[in-house]
Amino acid sequence: MKKLITLILTLGIFFQGNAQETNHESFIVRQLDSNTEKYSKIAREIWENPELGYLEYISSEILIDELKSSGFDVEIGVAGLPTSFVATYDKGGPVIGFLAEYDALPGLSQDAVPFRMELVEGGNGHGCGHNLFGTAVVASGVALKEWIDENNIQATIKIFGTPAEEGGAGKAFMVREGLFEGVDAVINWHPSDRNSANASTCTAVMQGYFKFRGQSAHAAGSPERGRSALDGVEAMNMMVNMMREHVDQESRIHYVIVNGGMAANVVPDYAVVEYMVRHPDVKEVKDIWQRVIKASEGAAMGTGTEVEVELVSGIYGLLPNETLAKTMHKNLSAVGGVEYDEEEIEFARKIQETLNSPKVPSLSIAKEIQPYRLNHFPASTDVGDVSYVTPTVGLGTATWVPGTAAHTWQATAADGMSIGYKGMMVAAKTMALTGKDLILNPLLIKEAKKEFDERLDGYVYEALIGDIDPPLDFRKAQNKVK
């Protein structure tokens, strides 16, 4: 009889716990569903005002105003970044962080139509979906705040407004400033052409300008008096290209000459080349970067010029956390993917007709959830720096038509209409539910931190950016005048 009573009580607690869990989830989802139109308008407003890295004054203000009106305390301009912010709702308990991005890309101006139509010739555009990124994070943070109030729960939400992800390494400067100290876990997401919540790694990167200075002269009348800065750039490029045979095959080295002189009949006394070095191992990135610097010094010596190295960015690859990723995958699977209506299907089919791809995936991918796995992607993100100081997790959702690549006009088009908004709300729900799980389950945070420490294996984070000032003007003056 005692065993029967114990079993009944246990089952009662189990079902009560499940009912409470269901109530928690339904409250959060209802909050987000009831505000879908509002957040779609916010995402569209940011999309209509595409601003480049460290210049996102309108975009950050839109998000800040929404957070303030929702009861968050907001500190603006942290870490010396005018368009950054940290919004906090402090009710004690575990501290859950969220990352918001909102910078656009140059040259991707595009209307929300399924054919190429620039809104501003050569203008900016949200071809990476950061208008959706920042908005979904604010939406999930506000929904969690409302849930905390409704249930009298002890927890703290911090939303980090992080500018200049596209090349400016905004998060690296915020990490260097110690802004993530005391945060138990960080949640983020990114627009995509499909839905997945994987534990991911990516490449670390160092980026900078090599500025050569020589002596100008008449290229025909007195060339012997000249020392060509462009010769220095080209000699450096030749040496680096020969170096490619002697680096790890996972390495990536990119460069572009951003200033090669003003006239062919004048020996250039100033020339600039921009370099990026990538590798999954941050130690390897540091080593390759030093070899590139030595190549520049050799080139300067051989051409009678001088070279100045200006580091503008350095970011870590992602440190995966499967404890958090599996929890996020569970929530993404519960939320489900994106369902297109007839108008969206027509839009998507027309977009797919423009894709330069031999194999275009089915539109049904937008509503599917990809199987969980540990994966690597060769690109880079400054989320990597955050992942080296606190357990971090992310996901991607189908904001773009399946088959669409990031940084394209097709992505910009979808980011400004309903397909993008639907994927954005999938992300907001998944992030909020994951935050709820972390708040209600201290053991989950404990396990995530244990995995975090094991993966670090004693490695101590040291910012690749060193002690440089934030490159606040890197989008204003990429040609790097004297």
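In this report, the structure presented in the accompanying data block is examined.

Cut-offs and rules
Residues numbered from 1 in each chain as written. Predicted model: local features only at pLDDT ≥ 70, side-chain atom pairs only at ≥ 80, totals over all residues. Heavy atoms only, no water. Helix = DSSP H or I, 4+ residues; strand = E, 2+ residues; numbered from the N terminus. Rg over C-alpha atoms; globule rule 2.2 N^0.38 Å. Buried < 20%, exposed > 50% of the residue type's maximum accessible area, 1.4 Å probe, protein only. Contact = heavy atoms within 4.5 Å. Lys, Arg positive; Asp, Glu negative; His and termini not counted. Charge placed at Lys NZ, Arg CZ, Asp CG, Glu CD. Expected span 1.5 Å × (residues − 1). Arc of directions from axis to C-beta. Axes fitted to C-alpha atoms, helices over the stretch in contact; angles between N-to-C directions. Parallel < 35°, antiparallel > 145°, perpendicular 65-115°, else oblique. Nonpolar A, V, L, I, M, F, W, Y, C, P; charged D, E, K, R; others polar. Pairing = 2+ DSSP bridges. Phe/Tyr/Trp six-rings, centres within 6.5 Å; stacked < 30°, edge-to-face > 60°. Salt bridge = Lys/Arg side-chain N within 4 Å of Asp/Glu carboxyl O.

### Quick look at the overall build of the protein
Helix and strand content of the protein: 13 helices and twelve strands. Computed over its C-alpha atoms, the radius of gyration of the protein comes to 25 Å, within 12% of the 23 Å expected for a compact globule of 482 residues. A principal-axis box enclosing the C-alpha atoms of the protein has dimensions of 105 × 50 × 40 Å. For the protein, the proportion of its 482 residues judged to be buried stands at 55%. In the protein, of all internal contacts separated by at least 6 residues, the share reaching a separation of at least 24 is 82%. Charge centroids of the protein, computed over 43 positive and 65 negative side chains, lie 4 Å from each other.

### Observations regarding helix α6 (residues 229-243)
Taking 1.5 Å of rise per residue, 15 residues should cover 21 Å, and α6 covers 21 Å from first to last C-alpha, within 8% of that figure. Those residues of α6 that sit buried are Ala229, Gly232, Val233, Met236, Asn237, Val240 and Met243. Down the axis, α6 shows its buried residues gathered within 130° of arc, on one side only. Those residues of α6 that are exposed and aimed more than 90 degrees away from the buried face are Met238 and Met242. Buried positions along α6 lie against β7 (204-213), β8 (252-259), β9 (270-279) and α7 (282-303).

### So, the packing of helix α12 (residues 418-440) against helix α13 (residues 442-456)
Taken N-terminus to C-terminus, the directions of α12 and α13 make an angle of 95°; their axes are 4 Å apart at the nearest point. The orientation of α12 relative to α13 falls into the category roughly perpendicular. Between α12 and α13, the contacting residues are Asp437, Leu438 and Leu440 on the first element and Pro442, Leu444 and Ile445 on the second. When the residues that make up the contact of α12 with α13 are grouped by side-chain class, the tally is five nonpolar, no polar and one charged.

### Considerations on the sheet that holds strand β10 (residues 306-315)
Here four strands make up an open sheet; going across it, the order is β8-β9-β7-β10 and the pairing antiparallel. Looking at which strands have only one partner, the edges of the open sheet turn out to be β8 and β10. Adjacent strand axes in the sheet meet at a mean angle of 20°, parallel and antiparallel pairs treated alike. Bridge count between β8 and β9: seven bridges; the pairing is antiparallel. Within the sheet, the bridge partner assigned to Asn259 lies in β9 and is Val272. Contacts from α7 reach β7, β8, β9 and β10, with the element oriented near 10° to β7.

### Digging into helix α4 (residues 130-151)
Here α4 is 22 residues long and its end C-alpha atoms lie 32 Å apart, about the 32 Å a rise of 1.5 Å per residue gives. With 18 of 22 residues buried, α4 is to be regarded as a mostly interior element. Of the residues flanking the end of α4, it is Asn152, one or two places downstream, whose phi is positive at about 50°.

### Comments concerning the packing of aromatic side chains
Throughout the structure, instances matching the rule amount to twelve aromatic pairs. Between Phe210 and Trp289, the aromatic rings sit 5.5 Å apart at their centres with planes inclined by 50°, giving tilted as the arrangement. Taken together, the positions of Phe210 in strand β7 and Trp289 in helix α7 put the pair 79 residues apart, joining distant regions of the chain. An identical accessibility class is assigned to Phe210 and Trp289; each is buried.

### A few points about unusual backbone geometry
Positive phi is not limited to glycine here, since Ala79 has a value of about 55°. Turning to its location among the elements, Ala79 is positioned in the loop between β1 (73-76) and β2 (85-90). Looking at Ala79, the relative accessible area reads 15%, which means it is buried. Residues other than glycine seldom take positive phi values, yet Asp457 does so here, at roughly 50°. By the secondary structure assignment, Asp457 is in the segment after α13. For Asp457, a relative accessible area of 68% corresponds to the exposed category.

### What about the pattern of salt bridges?
Under the counting rule described, the total for this entry stands at 21 salt bridges. For Lys145, the salt bridge is made with Asp149, and the minimal N-O distance between the two is 3.3 Å. Here the residue Lys145 and the residue Asp149 both occupy positions in helix α4, the gap between them amounting to four residues, near one helical turn. Its salt-bridge partner being Arg213, residue Glu308 comes within 3.3 Å of it at the nearest N-O pair. Within this pair, whereas Glu308 is found in strand β10, its partner Arg213 is found in strand β7, the two being separated by 95 residues in sequence. Given the relative accessible area of 38%, Glu308 is considered partly exposed. One connected set of salt bridges, linked through shared partners, spans Glu25, Lys330, Lys436 and Asp437.

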